[in-house]
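Chain by chain, the residues:
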Amino acid sequence: MSDAPNLAAVLRRYWGYHEFRPKQENVIRSLLAARDTCVVMPTGGGKSLCYQLPAVISGKTAVVVSPLIALMQDQAAQLAQMGIPAAAINSMQSSAERRAVMEKAARGEYRLLYLSPERLAAENTFEWLSKVPVGFFAVDEAHCISEWGHEFRPDYRQLSRLRTQFPALPIAAFTASATRQVRHDILKQLQMRKPDCYIASFHRENLRYVVHECEARTQMELLGRALRQYAGESVIVYSPTIRRVEETVEFLEESGIAAVPYHAKMEAAMRRQNQERWMSDEARVLVGTIAFGLGINKPAVRAVIHLSLPKSIEQYYQEAGRAGRDGRPADCVLLWQKRDHVLLDYFIHQISDDAERERSSERKRVISRFADSHGCRQRAICLHFGETPKWEKCGGCDNCGARPEWVSNVSVEVPLVAARETSFPSTYRSLPKSGHARMPAGAPEADPALAEYLREWRRNMARENKVPAYIILHDSTLEELCRRKPANLGQLKQVPGIGEKKADVYGAEILQALRNFGEGARAAPTVAKEPAPAEQTLRLLREGRSFEEIGRLRARQVSTVVSTVANLIESGRLKLDPKWISPDAQPLIEAACLEKGVERLRDIKEAVPPYVSFEDIKLVVAHLRAENRVRAKTA
Ligand code: ADP
Ligand code: ZN
């Protein structure tokens, strides 16, 4: 192409990528032509590049409004790694830091400047911005501006002032999730002028949707089976409540699957640490509430598993869409239960605004229909977002015949502790090799030991630079390195994902690491795992600790500790100690069990005085189940 600038050359030089993804180039050209632009593109489609590349070329500053502090910092760090000056202004900085950034911005030193909507609304911001050589505004997560959207943020409404304050500057809006109504609202609120609109397809070919209704008793077993498919790969598991986050982590650890929890009630330091361990591939499975993942931009996530019905298709699409951002095959698994409706209804009833409550019920109806449907999942999602695919079947979802084997044939009886026997190998960490996350046919197999060695190198590098591992090198780049084994800088620069700056900064080290490996160097064996939760709890009980103390020491809620103890009792590894339960509660519970059976704790709860807690009941029921089992055996 003759017209300057040569976009492909810039793409290659800074990003190390060899071609544009669909629609990226058009969006970039619209922005370079200073046109208002609205972009709807699924997660992983490559939206950031659409505003970053024109910012690099323009020589001016693109101001990016983003609701997520973590994302802003992450992107600024990634850009710095590529040699593109960028900064973020947010509430986490000291005022001195903030001032420094603002001064540099006024001198035009940044190509990209990230701001939160609150910052934009703050006093003096517009005055300062008028001194910055702004090229255009990019509004990320633009659906937050609409109350028809599922993530309405009132502070986004401030953004309509961009147009009035800076009438000459173009505005670009980006979102991964917008129904027609929301799209319309975005254009209106931002007062866009004859915008160029780009709507990419919501069909994400590399994602396999699998939706399965399960029973409470089999859900965990299914989860365990699913996770075994992704051993060694990064997975996110979404749990509806904090309590179920913890119970799920305990269950998985009992089954020999290392997992870390993430939820709002954890201590901030621990939460951050867990997130970082997951980001750096030290922990592969992260179990979180939906608080996790906003602004998380890890490319190589092989599965996102939901343990309950989300509140809407939009929410589901966004969360599930965190799988497979690198464009390689990934699974989106929804394991739901009938009782999820109860929780959703509860949330809906809490909404005081009538109109919003009605919108929420409608969202729930739509997602329930989606879960029950026998039609193509990809198609259902496209239709929901106002797109009419020309095809009927994607061929890749559960309803199009791609139902994985592990979903069927679940046994019903799942004693928690017995699951240990079918545990993972202790080195629960390896290469993407098995399953359907495979490389294109014909490509030489990457050497697992080499990949492990390069991962170790990357981990150290990430630690030194205090950035997530994927900011140093994406998994796809790392794997490509293993296959191509470049011997010199020229060959290294041919590897997708190695731009000029990366080659400058890390090139020599990467080549050295490859040589070291060739001469026999190997990654250090990974550290021994922590003992399983039950072992830790047993030890602490033997030390005479109370449930509260154990909860504190293990960073778990008391109810989670009680569940672990109940499982130990049920499996016969521990005897019930009367001092664990409320005085006199045991005979009352036992009497209630005789009448109601030991299946449903709620029935028992209704039959005993209110002071008897669920925890009391859990422990006594576990004791009775253990005794029944012994009796059944000897009878
Ligand atoms: P989105 O914001 O739309 O979810 P991102 O901007 O985070 O997507 O991009 C998703 C991933 O795709 C990132 O890892 C990014 O580096 C990568 N990517 C973007 N554009 C390209 C391209 N043209 N070629 C290869 N990888 C790309
Ligand atoms: Zn399908």
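Just above, that's the structure.
All of the points below concern the structure found in this document. If you're wondering where the values come from, they're calculated on a predicted model, not measured in any experiment.

## Side note on the overall build of the protein chain
In terms of helices and strands, the protein chain carries 27 helices and 13 strands. Whereas a compact globule of 635 residues would reach a radius of gyration of roughly 26 Å, the protein chain reaches 27 Å, a difference of no more than 12%. Its C-alpha atoms give the protein chain principal-axis dimensions of roughly 90 × 70 × 55 Å. Scored against the burial criterion, the 635 residues of the protein chain give a buried share of 55%. Within the structure as shown, the protein chain displays about 28600 Å² of accessible surface, and the carbon and sulfur contribution to it stands at 51%.

## Re the packing of aromatic side chains
By the definition in use, this model includes 15 aromatic pairs. Judged by centre distance (6.0 Å) and plane angle (50°), the rings of Tyr-316 and Phe-370 are tilted. Of this pair, Tyr-316 sits in helix H13 (residues 313-320) while Phe-370 is found in helix H15 (residues 354-372), placing the two residues 54 residues apart along the sequence. Judged by relative accessible area, which is 1%, Tyr-316 ranks as buried. For the ring pair Phe-547 and Trp-580, a centre distance of 5.6 Å and an interplane angle of 40° mean the geometry is tilted. Taken together, the residues Phe-547 in helix H23 (residues 547-554) and Trp-580 in the loop between helix H24 (558-570) and helix H25 (585-596) connect sequence positions 33 residues apart. We classify Trp-580 as buried; its relative accessible area is 19%. Note that Lys-298 overlies the ring of Trp-278, its terminal NZ or CZ placed 4.5 Å from the centroid. Positioned above the aromatic ring of Phe-347 is the side chain of Lys-311, whose terminal nitrogen or guanidinium carbon lies 4.7 Å from the ring centre.

## A closer look at the sheet that holds strand E13 (residues 330-336)
Strand pairing in a sheet relies on backbone hydrogen bonds. The paired strands run either parallel or antiparallel. As summarised here, the arrangement of the six strands in space is E8-E13-E12-E9-E11-E10, forming an open sheet in which the pairing is parallel. Of all strands in the sheet, those bounded by a partner on one side alone are strand E8 (207-213) and strand E10 (259-262). Geometrically, the sheet is characterised by an average inter-axis angle of 15° between neighbouring strands, direction not taken into account. Strand direction decides the pairing type here: strand E12 (residues 301-306) and E13, joined by four bridges, are parallel. Paired with Ala-303 across the strands is Asp-331, a residue of E13.

## Description of the coordination of the zinc ion (ligand 2)
For the zinc ion (ligand 2), the protein coordination sphere consists of Cys-376 (SG), Cys-394 (SG), Cys-397 (SG) and Cys-400 (SG), at 2.3 to 2.4 Å. Around the zinc ion (ligand 2) sit four donor atoms; with metal-centred angles ranging over 99 to 121°, the donor geometry is tetrahedral.

## Some thoughts on the packing of helix H1 (residues 7-15) against helix H3 (residues 47-58)
For the pair H1 and H3, the least separation of the axes is 11 Å and the interaxial angle reads 100°. Judged on the interaxial angle alone, H3 and H1 are roughly perpendicular. Two secondary-structure elements touch here, H1 through Leu-7, Val-10, Leu-11, Tyr-14 and Trp-15 and H3 through Leu-49, Gln-52, Leu-53, Val-56 and Ile-57. For the contact of H1 with H3, the per-class residue count stands at nine nonpolar, one polar and no charged.

Definitions and limits used
- Residues numbered from 1 in each chain as written.
- Chains lettered and ligands numbered in written order.
- Predicted model: local features only at pLDDT ≥ 70, side-chain atom pairs only at ≥ 80, totals over all residues.
- Heavy atoms only, no water.
- Helix = DSSP H or I, 4+ residues; strand = E, 2+ residues; numbered from the N terminus.
- Rg over C-alpha atoms; globule rule 2.2 N^0.38 Å.
- Buried < 20%, exposed > 50% of the residue type's maximum accessible area, 1.4 Å probe, protein only.
- Areas by Shrake-Rupley, 256 points an atom, 1.4 Å probe, with all protein chains shown as cover.
- Phe/Tyr/Trp six-rings, centres within 6.5 Å; stacked < 30°, edge-to-face > 60°.
- Lys NZ or Arg CZ within 6 Å of the ring centre and 35° of its normal.
- Pairing = 2+ DSSP bridges.
- Axes fitted to C-alpha atoms, helices over the stretch in contact; angles between N-to-C directions.
- Donors = N, O, S within 2.8 Å, 3.2 Å for Na, K, Ca; no water.
- Tetrahedral: all angles 85-135°; square planar, octahedral: opposite > 155°, others 65-115°.
- Parallel < 35°, antiparallel > 145°, perpendicular 65-115°, else oblique.
- Contact = heavy atoms within 4.5 Å.
- Nonpolar A, V, L, I, M, F, W, Y, C, P; charged D, E, K, R; others polar.

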